[in-house]
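Tertiary structure, described
If you want the building blocks of each chain, they are given just below.
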2 protein chains.
Amino acid sequence: MKIELENVLPKEIENRSFEIITEELGDTPLLPGTELIVKRCIHTSADFDYARNLCFSDGAVEAAIEAVKRGASIVTDTQMAKAGINKKALHKYGGNVYCFMSDEDIAEIAKKSGSTRATASMDKAASMEEEFIFAIGNAPTALVRLYELIQEGKIHPKLIIGVPVGFVNVVQSKELIMETDVPYIVAKGRKGGSNIAACICNALLYMIDNSRE
Amino acid sequence: MKIELENVLPKEIENRSFEIITEELGDTPLLPGTELIVKRCIHTSADFDYARNLCFSDGAVEAAIEAVKRGASIVTDTQMAKAGINKKALHKYGGNVYCFMSDEDIAEIAKKSGSTRATASMDKAASMEEEFIFAIGNAPTALVRLYELIQEGKIHPKLIIGVPVGFVNVVQSKELIMETDVPYIVAKGRKGGSNIAACICNALLYMIDNSRE
């Protein structure tokens, strides 16, 4: 069997990929203004399920973009997502990316309280004065704690990207976030992941500034 | 609508997830000895496609485990995969995780030669004396270059984890690797990703040493 490679220049690969995705999506309806986010999630996963499982609260994308422009930081629940977010693009506006999961104080608090490090990380974020976008790609307990903190008026996220992946309380934790009045982008169901969390952050950043390096 | 959370202790979440995956796999046939890898990929993605798209060359798992025990290092093509690999577990046997993609010399070589940083990264690995497992979750050009280097006798990977994701030359690059006589674990088709690359590395590490922290 002869394996033939498509002749595409390195810098053209992403454009060509998005063309193929657009072509294969065909008539699949996408919410106006969210297309680039949905397509980037498909680009990251080769999984067209994201064309139907991504849910956006009204004005979520606009709210997120405004927050980034004002210098909001991103809090995520995995080092993988932190590694994947385009920090240079975010720094332009003054924002940072935080992941508290490996911090010593977080491990201690989680151990003492019998909860998860993700829960303790959300409490740490609530104690800080910055504007935050949360990008949760792994721990449903992070979303559950965010829900509680929102109900208690202790945290006011500019956006919650709720895309943990998995089988235990993942579906429910996303539904909790969709009951709040906080702007959200949620992948309904079991799917998501650190890669999807990072990818949605990057899609938002690239919507602001298309001049990428 | 009342959202009810399942009451599972943090430390039990992973076990419970694997139970659910095993239950839902039902009679799906898995190659003996690869079950933990396949299930961990499903755990990482909530995508049961990995039960049928993961291909293992004969003895690949055993070869990889022997290499890790001898102190082999892992070379990956993304910082995300590097962040996701359990480096502490690998260090126990003497191995490191390398990602050359952000190295200055790599960027220069790629620019000069009109190829990709992934291609240049594989050349860099070929010039080193260590034993390597390659975990490629993003760039098909990395797999294509590995194929060429193998044909030229310039590199002898202990294992290639070939799981780039995407739409341009991804399918073909995986087929090339499956034509070599190098041990491989490949996700046939378009799917894969940095998360899957890291997850397969971790599955191998946890098969050696189940005593995780």
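Per chain, residue numbering runs from 1 following the sequence as it is written. Written order determines the labels here, with chains lettered from A and ligands numbered from 1. With the structure being a predicted model, the display of local features is reserved for residues of pLDDT at least 70 and the display and counting of side-chain atom pairs for 80 or more, all residues being used for whole-chain, interface and lining totals. Only hydrogens and water are set aside when side-chain values are computed; all heavy atoms of the structure are taken into account.

As annotated in an unreviewed UniProt entry, chain A carries the name Precorrin-8X methylmutase and is attributed to Lactonifactor longoviformis DSM 17459. For the record of chain A, the UniProt heading Sequence similarities (unreviewed entry) holds the text "Belongs to the CobH/CbiC family." UniProt positions are given in the numbering used here, feature names are shortened, and annotations may be inferred rather than shown by experiment.

With that out of the way, let us pick up the overall build of chain A. A run of DSSP states H or I qualifies as a helix once it reaches four residues; a run of E qualifies as a strand once it reaches two. Both are numbered from the N-terminal end. The number of helices and strands found in chain A is eleven helices and six strands. Radius of gyration here uses only the C-alpha atoms, and the compact-globule reference equals 2.2 Å multiplied by the residue count raised to the power 0.38. Radius of gyration (C-alpha) of chain A: 18 Å, near the 17 Å computed for a compact globule of 213 residues. C-alpha atoms of chain A, sized along the principal axes, occupy 60 × 35 × 35 Å. Whether a residue is buried, partly exposed or exposed follows from its accessible area with a 1.4 Å probe, protein chains only, as a fraction of its type maximum: under 20%, in between, or over 50%, in that order. Within chain A, buried positions represent 56% of all 213 residues. For chain A, contacts bridging at least 24 residues in sequence account for 64% of all contacts bridging at least 6. Split by element, the accessible area of chain A, about 9600 Å² in all, is 48% carbon and sulfur. Between two residues, a contact is recorded if the distance between any of their heavy atoms is within 4.5 Å. Calculation of accessible area relied on Shrake-Rupley with a 1.4 Å probe; when residues are assessed, cover is drawn exclusively from the protein chains displayed.

We now examine the sheet that holds strand E4 (residues 132–136) of chain B. Residue and element names in this part refer to chain B. Should DSSP find at least two bridges between two strands, the strands are regarded as paired. Strand order in the open sheet made by the six strands is E1-E6-E5-E4-E2-E3, with mixed pairing throughout. Both edges of this open sheet fall to strand E1 (54–56) and strand E3 (97–98), since each of them pairs with a single strand only. Two elements, strand E2 (residues 73–76) and E4, share four bridges in a ladder whose sense is parallel. Paired with Val 75 across the two strands is Phe 134, which belongs to E4.

Residues and elements named next belong to chain A. All axes here are fitted lines through C-alpha atoms, helices being fitted over the stretch that makes contact, and every angle between N-to-C directions spans 0 to 180 degrees. Two elements in contact, helix H7 (residues 104–113) and helix H8 (residues 117–126), have axes separated by 8 Å at closest approach and are oriented at 120°. With respect to each other, H7 and H8 are oriented oblique. Considering the relative orientation of H7 and H8, their crossing is right-handed. Residues Asp 105, Ile 106, Ala 107, Ile 109 and Ala 110 of H7 form the contact with H8, whose own contacting residues are Arg 117, Ala 120, Ser 121 and Lys 124. Every angle not falling under 35 degrees, over 145, or within 65 to 115 is termed oblique; those three ranges are roughly parallel, roughly antiparallel and roughly perpendicular. Left-handed describes a crossing whose near helix is turned anticlockwise from the far helix through less than a right angle; right-handed describes the clockwise counterpart.

Right, let's get into the relation of the copies chain B and chain A. Only residues with pLDDT of at least 70 in both copies count here: their C-alpha atoms drive the least-squares fit that superposes the copies. When chain B is fitted to chain A, the residual RMSD is 0.0 Å, and the transformation amounts to a turn of 180° plus an axial shift of 0.0 Å. Such values leave the two copies arranged in the relation of a two-fold axis. The position closest to the rotation axis in chain B is occupied by the C-alpha of Met 80 of chain B, lying 2.4 Å away. A share of 100% of the interface residues of chain B reappears at the interface of chain A, consistent with the copies meeting face to face through the same patch.

Interfaces are often sized by the accessible area lost when the parts come together. Taken residue by residue, the interface counts 44 residues in chain B and 44 residues in chain A. Contact with chain A buries surface across chain B, with Met 80, Phe 167 and Val 168 of chain B losing the most and accounting together for 21% of the total. Counted as salt bridges are all cases of a side-chain nitrogen of Lys or Arg within 4 Å of a carboxyl oxygen of Asp or Glu. Applying the counting criterion to the chain B and chain A interface returns two salt bridges. We call two N or O atoms a polar contact when they sit within 3.5 Å, provided that within protein one can donate a hydrogen and the other can accept it, with sequence-adjacent residues counted only if both atoms are side-chain atoms. At the junction of chain B with chain A, the criterion picks out seven residue pairs in polar contact (both at pLDDT 80 or more). Elements represented by at least two residues in the side of chain B that touches chain A include exactly helix H1 (13–25), helix H2 (35–45), helix H5 (79–84), helix H10 (170–178) and helix H11 (194–208) of chain B. The element contributing the most residues to the side of chain B that touches chain A is H1 of chain B, with six residues. Broken down by class, the residue content of the side of chain B that touches chain A amounts to 20 nonpolar, 15 polar and nine charged. Once two parts are joined, some of their accessible surface, as seen by a 1.4 Å probe, is lost; buried area is that loss totalled over both. Under the grouping applied here, Gly and all other residues not named as nonpolar or charged are polar, the nonpolar ones being Ala, Val, Leu, Ile, Met, Phe, Trp, Tyr, Cys and Pro and the charged ones Asp, Glu, Lys and Arg.

Right, let's talk about the packing of aromatic side chains for a bit. Within 6.5 Å between ring centres, the rings of Phe, Tyr and Trp (the latter by its six-membered ring) count as paired, and their orientation is classed by plane angle as stacked under 30 degrees, edge-to-face over 60, tilted in between. Counted under the stated rule, the structure contains eight aromatic pairs over all chains. Ring geometry for Tyr 98 of chain A versus Phe 132 of chain A: centroids 6.0 Å apart, planes at 90°, classification edge-to-face. Here the residue Tyr 98 of chain A occupies a position in strand E3 (residues 97–98), and Phe 132 of chain A occupies one in strand E4 (residues 132–136), the gap between them amounting to 34 residues. Centre to centre, the rings of Phe 132 of chain B and Phe 134 of chain B are 5.9 Å apart; their planes meet at 65°, and the pair counts as edge-to-face. By relative accessible area, which is 0% here, Phe 134 of chain B ends up buried. Among the aromatic residues, ring-to-ring pairing joins Tyr 98, Phe 100, Phe 132 and Phe 134 of chain A into one connected group.

As for its placement among the helices and strands, Ser 17 of chain A is situated in helix H1 (residues 13–25). Among the residues examined, Ser 17 of chain A registers a relative accessible area of 2% and is labelled buried. Residues in contact with Ser 17 of chain A, not counting those within four places in the same chain, are His 43 of chain A together with Phe 167 and Val 168 of chain B.

Residues given the UniProt feature "domain: Cobalamin biosynthesis precorrin-8X methylmutase CobH/CbiC" (unreviewed entry) here are residues 12–207 of chain A. Annotated as residues 12–207 of chain A, this span is 53% helix and 11% strand, and its ends, taken at the C-alpha atoms, are 19 Å apart.

Residues and elements named next belong to chain A. Burial along strand E5 (residues 159–162) is two-sided: Leu 159 and Ile 161 facing one way and Ile 160 and Gly 162 facing the other are all buried. As paired elements, E4 and E5 share four bridges and run parallel to each other. What sits directly across from Ile 133, in E5, is Leu 159. When the strands point away from the viewer, a crossover counts as right-handed if the path from the first strand over the helix to the second runs clockwise. A crossover connection joins E4 to the parallel E5 through helix H9 (residues 140–151); in handedness this β-α-β unit is right-handed. Judged from the three bridges that link them, E5 and strand E6 (residues 184–187) form a sheet pairing that is parallel. From the neighbouring strand, Gly 162 faces E6, where its bridge partner is Val 186.

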